[in-house]
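Given next are the chains, with one letter for each unit.
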Amino acid sequence: MEIKQVTFSYDKKTDQLKNISDKIEMGKITTIIGPNGCGKSTLLGILSQNYAPAHGEVLLDGKSLAQIKPKELAKQLAVVHQQNEAPYDLTVERLVSYGRLPHRSFLGQANEDDERAIEEALASTNLQQKRSMRLNQLSGGEKQRVWIAMALAQKTPILFLDEPTTFLDMYYQIEILELVKALNREHGMTIVMVLHDINQAIRYSDRIVVMKAGEIVASGTPEAVITKEIVKETYQVNVLLKQESDTGLYVVPIGI
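Thresholds, definitions, all that
- The written sequence of each chain sets the order in which its residues are numbered from 1.
- Restriction of local features to residues with pLDDT of at least 70 applies here, the model being predicted, together with a cutoff of 80 or more for giving and counting side-chain atom pairs; totals for whole chains, interfaces and linings are based on all residues.
- The side-chain figures draw on all heavy atoms in the structure; neither hydrogens nor water molecules are used.
- UniProt positions are given in the numbering used here, feature names are shortened, and annotations may be inferred rather than shown by experiment.
- Strands are labelled as partners when DSSP assigns at least two bridges between them.
- Think of it this way: any DSSP run of H or I at least four residues long counts as a helix, any run of E at least two long counts as a strand, and we number them from the N terminus.
- Working convention: axes come from line fits to C-alpha atoms, limited for helices to the stretch in contact. Angles between N-to-C directions cover 0 to 180 degrees.
- When the near helix sits turned anticlockwise from the far one by under a right angle, the crossing is termed left-handed; a clockwise turn instead gives a right-handed crossing.
- Residues are treated as being in contact if the distance between any of their heavy atoms lies within 4.5 Å.
- Only Asp, Glu, Lys and Arg are considered charged in this grouping, and only Ala, Val, Leu, Ile, Met, Phe, Trp, Tyr, Cys and Pro are considered nonpolar; every other residue, Gly among them, is considered polar.
- Three exposure classes are used, based on accessible area relative to the maximum for each residue type with a 1.4 Å probe and protein chains only: buried under 20%, partly exposed in between, and exposed over 50%.
- By arc we mean the arc of the directions from the helix axis to the C-beta atoms, nothing more.
- Within this scheme, the nonpolar core is defined by two criteria: the residues are buried Ala, Val, Leu, Ile, Met, Phe, Trp, Tyr or Cys, and they are joined through side-chain atoms within 4.5 Å.
- An automatic or database domain assignment provides the domain bounds reported here.
- Accessible-area loss on putting two parts together, using a 1.4 Å probe and summing over both, is the definition of buried area adopted here.
- By convention in these notes, a salt bridge is any Lys or Arg side-chain nitrogen within 4 Å of a carboxyl oxygen on Asp or Glu.

As named in an unreviewed UniProt entry, the protein is Iron complex transport system ATP-binding protein, taken from Paenibacillus algorifonticola. UniProt's Subcellular location (unreviewed entry) comment on the protein is quoted here verbatim: "Cell membrane".

Right, here's the structure in full:
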């Protein structure tokens, strides 16, 4: 997936994204980080064709997203948004089954492939025992896993996650990020996610894209882009960088 000189504005006056170019490596976990309002979620929206760029384009396997029909694109990539809405009395299994819609004809009934995909999605997210529970009976972390399961049921090679750990406590944040890592390592999924926590981005990413004010400041491996200078330029915060044998690289804020 290639981003080529993309510019985007919500109001046609102020550019939220300014001539952005980069590549998303297939089979890797890429995390987009940066201050609030820098364009992280907007960029993810461009990559998923929720927004159309004013200039530039995004290519998937060499083909512009604008040329790919929505149903066909839904077979290539799945998206879990930051805030998701569904009827509170919907069951886990029913919501997960909606991930199969791109693979069905109009009014088509579920077939063996659909049932198999749903079962695999429930198993991957450890939700088999909760399949009959309603959404309002679940914790925040469990609900997030259900939405990820629905995306997995789409059987796409690419998964986008917009701030998947927001509003979750530490346990469920780690649970979700460990699930993301397992999906990549065990199933080869290409994953692009937006995170706020730099240390989580370092730990769970193969590549990091650092954004500020609608532009990409740096992109590359965590070790290459998480430097004291880049963090200071991006967040206006002074940090120490630590490297431990058991935890790897991590950032310690020390002041502004």
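Additional details are given in the paragraphs that follow.
S.K.: Looking at this structure, I do not really get the pairing of strand 2 (residues 15–23). What am I missing?
M.R.: Here is the key point about a regular strand: its side chains alternate between the two faces of the sheet. Where strand 1 (residues 2–9) and strand 2 come together, five bridges link them in antiparallel fashion. Opposite Glu 2, over in strand 2, you have Lys 23 as the bridge partner. Between strand 1 and the antiparallel strand that follows it, strand 2, lie five residues; Lys 12 among them carries a positive phi value of about 65°.

S.K.: Explain the packing of helix 4 (residues 112–124) against helix 5 (residues 140–153) here, please?
M.R.: Helix packing geometry: the angle between the two helix axes and the distance between the axes. Two elements in contact, helix 4 and helix 5, have axes whose closest approach is 8 Å; the angle formed by their N-to-C orientations is 145°. The crossing of helix 4 and helix 5 is right-handed. Seen from helix 4, the contacting residues are Ala 117, Ala 121 and Ser 124; seen from helix 5, they are Ala 149, Leu 152 and Ala 153. Tallied by class, the residues present in the contact of helix 4 with helix 5 amount to five nonpolar, one polar and no charged.

S.K.: For this particular structure, what's the right way to read unusual backbone geometry?
M.R.: A negative phi angle is the norm for most residues apart from glycine, just as the trans form is the norm for most peptide bonds. Notably, Lys 155 is not glycine yet its phi reads approximately 60°, a positive angle. Position of Lys 155 relative to the elements: it lies in the loop between helix 5 and strand 7 (158–162). Judged by relative accessible area, Lys 155 falls into the partly exposed class, the value being 43%. Unusually for a residue other than glycine, Glu 163 sits at a positive phi of about 50°. Secondary-structure assignment places Glu 163 in the loop between strand 7 and helix 6 (170–187).

S.K.: Whenever I open this one, the sheet that holds strand 2 confuses me. Can you help?
M.R.: The strands making up a sheet are joined through hydrogen bonds of the backbone, oriented either antiparallel or parallel. Pairing is antiparallel across the open sheet formed by four strands, whose spatial order is 2-1-4-5. Looking at which strands have only one partner, the edges of the open sheet turn out to be strand 2 and strand 5 (63–64). Sheet contacts for helix 1 (residues 40–47): strand 1, strand 2 and strand 4 (55–60); angle to strand 1, the most-contacted strand, approximately 120°.

S.K.: In this structure, what is going on with the environment of Lys 63? I would like to understand it.
M.R.: Its location among the elements puts Lys 63 in strand 5. Distance in space between the C-alpha atoms of Lys 63 and Met 1 is 9.1 Å, their sequence separation being 62 residues.

S.K.: Looking at this structure, how should I read helix 9 (residues 228–235)?
M.R.: Each α-helix turn comprises 3.6 residues. Residues three or four places apart therefore point the same way. Taken together, the buried positions of helix 9 are Ile 230, Val 231 and Thr 234. Buried positions in helix 9, seen along its axis, are confined to an arc of 100° and lie on one side of it. Turning to helix 9, the residues buried within the fold contact helix 7 (198–204), strand 9 (207–212), strand 10 (215–220), helix 8 (222–225) and strand 11 (238–244). Of the residues one or two after helix 9, Gln 236 is the one with positive phi, at around 60°.

S.K.: Would you explain the nonpolar core in this entry?
M.R.: For soluble globular proteins, the rule of thumb is that nonpolar side chains tend to be buried together. Counting 48 residues, the largest nonpolar core has Val 96, Leu 159 and Ile 226 as its most contacted members. The leading source of residues in this core is helix 5, at eight residues. Counting only domains with at least three residues in this core, you end up with domain 1 (1–76 + 157–230) and domain 2 (85–155). Here Ile 226 is in contact with Ile 33, Ile 198, Ile 202, Ile 208, Val 231, Leu 241, Leu 249 and Val 251, once residues within four sequence places are set aside. By size, the runner-up hydrophobic cluster in this structure holds 25 residues, among which are Met 1, Leu 44, Leu 47 and Leu 77.

S.K.: Even after reading the chapter, I still don't get the domain arrangement of the protein, so can you show me in this structure?
M.R.: By domain assignment, the protein separates into domain 1 (1–76 + 157–230) and domain 2 (85–155). Look at where the C-alpha atoms of domain 1 and domain 2 centre, and you get two points 24 Å apart. Residue-level contacts link 16 residues of domain 1 with 17 residues of domain 2. Across the domain 1 to domain 2 interface the summed buried area is about 1,200 Å²; carbon plus sulfur atoms make up 66%. For the pair domain 1 and domain 2, the number of links is one salt bridge.

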